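Analysis of the macromolecular model
One-letter residues, chain by chain:
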Amino acid sequence: MAKEAKVSEGVRVRSLAGPLRAIFVAFTLAAVLLSINQLFNLQLFGIVVLEGRYLFLLAGAFLFLSFLIFPPSARAAPQFLWLDLVLAVLSLGVSAYFAWTADINLEEGWEYA
């Protein structure tokens, strides 16, 4: 899916194309929108986002993107490995679960620290 890796100041990154690039842009914009909503307490769509839920959603979005853009090794930099996609989706799922249960966790005395 990715044709070649670009090297920027010693950091290996993948050049995404096609649907992965669109997903990358969509998740980045969603994370920025979520941050602006939380920072200015806009309550978009009538939803109040608790701090724990906000942090889990933000961490999940950026961890998902990290698995897509950063290859596991220099040897694998040009290719897109299926394992990268599996780990990206898994990290998104775990973060989504924690965000979904943020209210319960807060009520039972566990808070994101």
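Analysis parameters
- Residues numbered from 1 in each chain as written.
- Predicted model: local features only at pLDDT ≥ 70, side-chain atom pairs only at ≥ 80, totals over all residues.
- Heavy atoms only, no water.
- Phe/Tyr/Trp six-rings, centres within 6.5 Å; stacked < 30°, edge-to-face > 60°.
- Buried < 20%, exposed > 50% of the residue type's maximum accessible area, 1.4 Å probe, protein only.
- Axes fitted to C-alpha atoms, helices over the stretch in contact; angles between N-to-C directions.
- Helix = DSSP H or I, 4+ residues; strand = E, 2+ residues; numbered from the N terminus.
- Parallel < 35°, antiparallel > 145°, perpendicular 65-115°, else oblique.
- Left-handed = near helix turned anticlockwise from the far one by under 90°.
- Contact = heavy atoms within 4.5 Å.
- Core = buried A, V, L, I, M, F, W, Y, C linked by side-chain atoms within 4.5 Å.
- Salt bridge = Lys/Arg side-chain N within 4 Å of Asp/Glu carboxyl O.

For the rest of this paragraph, the subject is the packing of aromatic side chains. Counting across every chain of the model gives three aromatic pairs. Taken together, a centroid distance of 5.9 Å and an interplanar angle of 50 degrees make the contact between tyrosine 97 and phenylalanine 98 tilted. Overall, the relative accessible area of 32% leaves phenylalanine 98 in the partly exposed class. Put simply, the rings of Phe56, Tyr97 and Phe98 pair up and form one aromatic cluster.

With that out of the way, let us pick up the packing of helix 1 (residues 19-40) against helix 2 (residues 51-69). Interhelical geometry of helix 1 versus helix 2 gives an angle of 155 degrees and a closest axis separation of 10 Å. What the angle tells us is that helix 1 and helix 2 run roughly antiparallel. Considering the relative orientation of helix 1 and helix 2, their crossing is left-handed. Seen from helix 1, the contacting residues are Leu20, Ile23, Phe24, Phe27, Thr28, Ala31, Leu34, Ser35 and Gln38; seen from helix 2, they are Glu51, Tyr54, Leu57, Leu58, Ala61, Phe62, Phe64, Leu65, Leu68 and Ile69.

A separate point is the environment of phenylalanine 27. Tracing the backbone shows phenylalanine 27 in helix 1. Linking phenylalanine 27 and leucine 58, residues 31 residues apart in sequence, is a C-alpha distance of 9.8 Å. In this structure, phenylalanine 27 is in contact with Ala61, Phe64, Leu65 and Leu92, ignoring residues within four places of it in sequence.

Here we come to the packing of helix 2 against helix 3 (residues 82-100). Relative orientation of the contacting elements helix 2 and helix 3 amounts to 180 degrees, with a least axis distance of 8 Å. Classified by the angle between their axes, helix 2 and helix 3 sit roughly antiparallel to one another. Contacts from Arg53, Phe56, Leu57, Ala59, Gly60, Leu63, Phe64, Phe67 and Leu68 of helix 2 reach helix 3 at Asp84, Leu85, Leu87, Ala88, Val89, Ser91, Leu92, Ser95, Phe98, Ala99 and Trp100.

Next up on the list: the nonpolar core. Leu16, Leu20, Phe64, Leu65, Leu68, Ile69, Phe80 and Ala88 form the largest nonpolar core, which has eight residues in total. Leave out the neighbours within four places in its chain, and leucine 16 touches Arg21, Phe24, Leu68 and Ile69. Formed by six residues, the second largest nonpolar core is a distinct cluster that contains Ala31, Val49, Leu58 and Ala61.

Quick look at the pattern of salt bridges now. Within this structure, the stated rule accounts for two salt bridges. A salt bridge links arginine 14 to aspartate 84; the nearest nitrogen and oxygen atoms lie 2.5 Å apart. Placement of the pair is arginine 14 in strand 2 (residues 11-14) and aspartate 84 in helix 3, with a sequence separation of 70 residues. Take arginine 14: its relative accessible area is 2%, and that puts it in the buried class. Put simply, arginine 53 and aspartate 103 hold a salt bridge, and the shortest N to O gap is 3.2 Å. Taken together, the residues arginine 53 in helix 2 and aspartate 103 in helix 4 (residues 102-107) connect sequence positions 50 residues apart.

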